[in-house]
Amino acid sequence: MSLNTVANDNAVKSDLFDPVKLGPFTLTNRIVMAPLTRSRADDEGVTGDLQATYYAQRASAGLIISEATNISPQGKGYIRTPGIWSPQQVEGWKKTTAAVHAKGGRIFLQLWHVGRVSHSDLQPGGVLPVAPSAVRAEGVQAYTQHGFKPLETPRALDLDEIPGIVAQYVHGAKCAKDAGFDGVEIHAANGYLLQQFLSDKTNRRTDRYGGSIENRTRLVIEVVEAVTREWSADQVGIRISPLTKFSDIGDSNPEPLYVSLIDQLNPFGLAYVHVVEGDTGGERHPAGGFDLQKLRRAFNGLYMANNGFDQQLALDARANGLADLICFGRPFISNPDLVERLRSGAALSEADQATFYAGDEHGYTDYPTLSGAA
Ligand code: PHB
């Protein structure tokens, strides 16, 4: 009996490892590589061969979602994060999309505007970051070229600047298409700009973008509307984190807010909703939360679950019909062949935190697969 046959005999039986339709694509499995900030772009936000190698090594994921990628200079909040607004950035990303496609993988780009989670050191002209309202994120630091600095009180966007924000998403969406991505994910989670509009903790506006749920969801819906004019809606996903406290975000009553958001998203026919279940990187069932399965039941596309999944949690989620797609983050950093390891029940290697957000190929493209290849 060959080693392969033994591995197959021992393989975990779950439709987690079976193909699934997502928009025009047939993904090879239901495992998704989460967007992960790795801070290895150059100072102009350009990626290249290094990122192409990294993503291609992980192309056995059914779908890869790129690291969060700035849609404009204003949307940047951390040094060495990539962009998707300049011709050089588009050219750089083409290397990644080509390398992933050559391995039979699929990759979406995550469209990112950080809003207040930035610093004047990172903003063009040294101006303050923008947000729905002048409300500072407490206890949050920005990683600037001069080291960590506390966030400042942002400048509230004027009403007449909002079309320009939507235009930034459109431009990023177009650039992602030029770069050869298979689709885009609108980042409306983790306390960044779109969630700052959604949440009453950060949105104190008195115009038509603040106050009622209808008003606070308006910008997200306008962005979805605009992006789905550039891309077929079934190649567009959206990420939300209704219960997170990440970057000092929060809402006094998230359930009706997110139920309304999902209801308003349904007519678009998006590919998926990507839900950070619980507090980002933390408690999956925080106190004061609500049953996120309500959103799954209400949504008419695929439901992608994220946050602290391991093999057992993922198998259980599929067995109990709790998610269509399961997103893994940290395990993909140190296990490029994560799908194969989950399928065979092999041990996972631990990721080295020291190289999450810094450095070069070390801690990035040098994690070996089970068969030893980097
Ligand atoms: C991060 O860079 O730390 C980061 C980016 C996007 C997220 C979460 C964290 O959604």
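Because the structure is predicted, anything quoted here is derived from the model rather than measured.

Looking at the overall build of the chain
Here's step 1: Helix and strand content of the chain: 12 helices and 14 strands.
Here's step 2: Since a compact globule built from 374 residues should have a radius of gyration of about 21 Å, the 20 Å found for the chain is in line with a globular shape.
Here's step 3: Each principal axis of the C-alpha distribution contributes one length, and for the chain these read about 70 × 40 × 35 Å.
Here's step 4: Counting over 374 residues, the chain shows a buried share of 57%.
Here's step 5: Here the contacts in the chain between residues at least 6 apart in sequence split such that 73% fall between residues at least 24 apart.
Here's step 6: If you sum the accessible surface of the chain, you get close to 14400 Å²; carbon and sulfur atoms cover 51% of it.

What to know about the site of the ligand
Here's step 1: Inspection of the region around the ligand gives Thr 37, Tyr 78, Trp 112, His 187, Asn 190, Tyr 192, Arg 239 and Phe 246 as its neighbouring residues.
Here's step 2: Thr 37 has a polar side-chain atom sitting 2.7 Å from an oxygen atom of the ligand.
Here's step 3: Separating an oxygen atom of the ligand from a side-chain N or O atom of His 187 is a distance of 2.7 Å.
Here's step 4: Against a free-state accessible area of 270 Å², the protein chains account for coverage of 85% of the ligand.

Points about the confidence of the model for the chain
Here's step 1: In this model, the chain carries an average pLDDT of 96, and 97% of its residues clear a pLDDT of 70 or more.
Here's step 2: Considering only residues more than four positions removed or in separate chains, one finds that residues 1-7, a stretch of pLDDT under 50, has two contacts.

A look at the packing of aromatic side chains
Here's step 1: Evaluated as defined, the whole model comprises nine aromatic pairs.
Here's step 2: Here Tyr 54 and Tyr 364 contribute two aromatic rings whose centre-to-centre distance is 4.0 Å and whose plane-to-plane angle is 15 degrees, an arrangement assigned as stacked. Residue Tyr 54 is located in helix α2 (residues 49-57), and its partner Tyr 364 is located in the segment after α12 (338-344); the two are separated by 310 residues in the primary sequence.
Here's step 3: Judged by relative accessible area, Tyr 54 falls into the buried class, the value being 0%.
Here's step 4: Plain terms: the ring middles of Phe 356 and Tyr 357 are 6.1 Å apart, the flat faces sit at 90 degrees to each other, and that makes the pair edge-to-face.
Here's step 5: Given the relative accessible area of 5%, Phe 356 is considered buried.

Observations concerning the sheet that holds strand β4 (residues 63-70)
Here's step 1: Strand order in the closed barrel formed by eight strands is β3-β4-β5-β10-β11-β12-β13-β14, and the pairing between neighbours is parallel. Put simply, the sheet's adjacent strands are angled 25 degrees from each other on average, direction ignored.
Here's step 2: As defined by bridge partners, strand β3 (residues 31-33) adjoins strand β14 (residues 325-328) across three bridges and the pair is classed as parallel. If you follow Ile 31 over to β14, its bridge partner there is Ile 326.
Here's step 3: Together, β3, β4 and β5 (107-112) form the strand contacts of α2, whose direction differs from that of β4 by roughly 150 degrees.

Some thoughts on the side chain of Arg 239
Here's step 1: Checked against the element boundaries, Arg 239 lands in strand β11 (residues 236-240).
Here's step 2: Here Arg 239 occupies a buried position and makes no salt bridge, while the nearest side chain of opposite charge, Glu 185, is found at 4.2 Å.
Here's step 3: Discounting residues that sit within four places of it in the chain, Arg 239 has contacts with Pro 35, Gln 110, Glu 185, Ile 186, His 187, Ala 188, Ala 189, Asn 190, His 274, Val 276 and Asn 306.

So, the nonpolar core
Here's step 1: Judged by nonpolar contacts, the single largest core of 80 residues is most densely connected at Ile 84, Leu 111, Val 227, Ile 238 and Ile 240.
Here's step 2: For this core, the leading source of residues is helix α4 (residues 162-178), giving eight residues.
Here's step 3: Counting residues in each nonpolar core, the second largest holds 15 residues, with Ala 34, Leu 63, Leu 302 and Cys 327 among its members.

Observations regarding the side chain of Asp 251
Here's step 1: For Asp 251, the location among the structural elements is in the loop between β11 and α8 (254-265).
Here's step 2: By relative accessible area, Asp 251 is classed as buried at 18%.
Here's step 3: Among the polar contacts made by the side chain of Asp 251, one reaches the main-chain amide nitrogen of Asp 200 at a distance of 2.7 Å.
Here's step 4: There is a polar contact of 2.9 Å between the side chain of Asp 251 and the backbone nitrogen of Asn 253.

What to know about unusual backbone geometry
Here's step 1: Within the chain, Asn 190 stands out as a residue other than glycine whose phi angle is a positive 55 degrees.
Here's step 2: Within the secondary structure layout, Asn 190 lies in the loop between β10 (183-188) and α5 (193-198).
Here's step 3: Despite not being glycine, Asp 248 has its phi angle at roughly 60 degrees, a positive value.
Here's step 4: Relative to the elements of secondary structure, Asp 248 occurs in the loop between β11 and α8.

Side note on the environment of Ala 358
Here's step 1: With respect to the helices, strands and loops of the structure, Ala 358 is situated in the segment after α12.
Here's step 2: The partly exposed category is assigned to Ala 358, whose relative accessible area is 33%.
Here's step 3: Linking Ala 358 and Ile 79, residues 279 residues apart in sequence, is a C-alpha distance of 10.0 Å.
Here's step 4: Setting aside its immediate chain neighbours within four residues, Ala 358 contacts Arg 38 and Arg 40.

A short note on the pattern of salt bridges
Here's step 1: By the definition in use, this model includes 16 salt bridges.
Here's step 2: The salt bridge partner of Arg 296 is Asp 324, with a shortest N-O separation of 2.9 Å. Of this pair, Arg 296 sits in helix α9 (residues 293-298) while Asp 324 sits in the loop between α10 (311-319) and β14; the two residues are 28 residues apart in sequence, bridging distant segments of the chain. Residue Arg 296 shares its accessibility class with Asp 324, and that shared class is buried.

Cut-offs applied
Residues numbered from 1 in each chain as written. Predicted model: local features only at pLDDT ≥ 70, side-chain atom pairs only at ≥ 80, totals over all residues. Heavy atoms only, no water. Helix = DSSP H or I, 4+ residues; strand = E, 2+ residues; numbered from the N terminus. Rg over C-alpha atoms; globule rule 2.2 N^0.38 Å. Buried < 20%, exposed > 50% of the residue type's maximum accessible area, 1.4 Å probe, protein only. Contact = heavy atoms within 4.5 Å. Areas by Shrake-Rupley, 256 points an atom, 1.4 Å probe, with all protein chains shown as cover. Near = heavy atom within 4 Å. Polar contact = N/O pair within 3.5 Å; in protein donor to acceptor, adjacent residues only side chain to side chain. pLDDT = per-residue confidence, 0-100. Phe/Tyr/Trp six-rings, centres within 6.5 Å; stacked < 30°, edge-to-face > 60°. Pairing = 2+ DSSP bridges. Axes fitted to C-alpha atoms, helices over the stretch in contact; angles between N-to-C directions. Lys, Arg positive; Asp, Glu negative; His and termini not counted. Salt bridge = Lys/Arg side-chain N within 4 Å of Asp/Glu carboxyl O. Core = buried A, V, L, I, M, F, W, Y, C linked by side-chain atoms within 4.5 Å.

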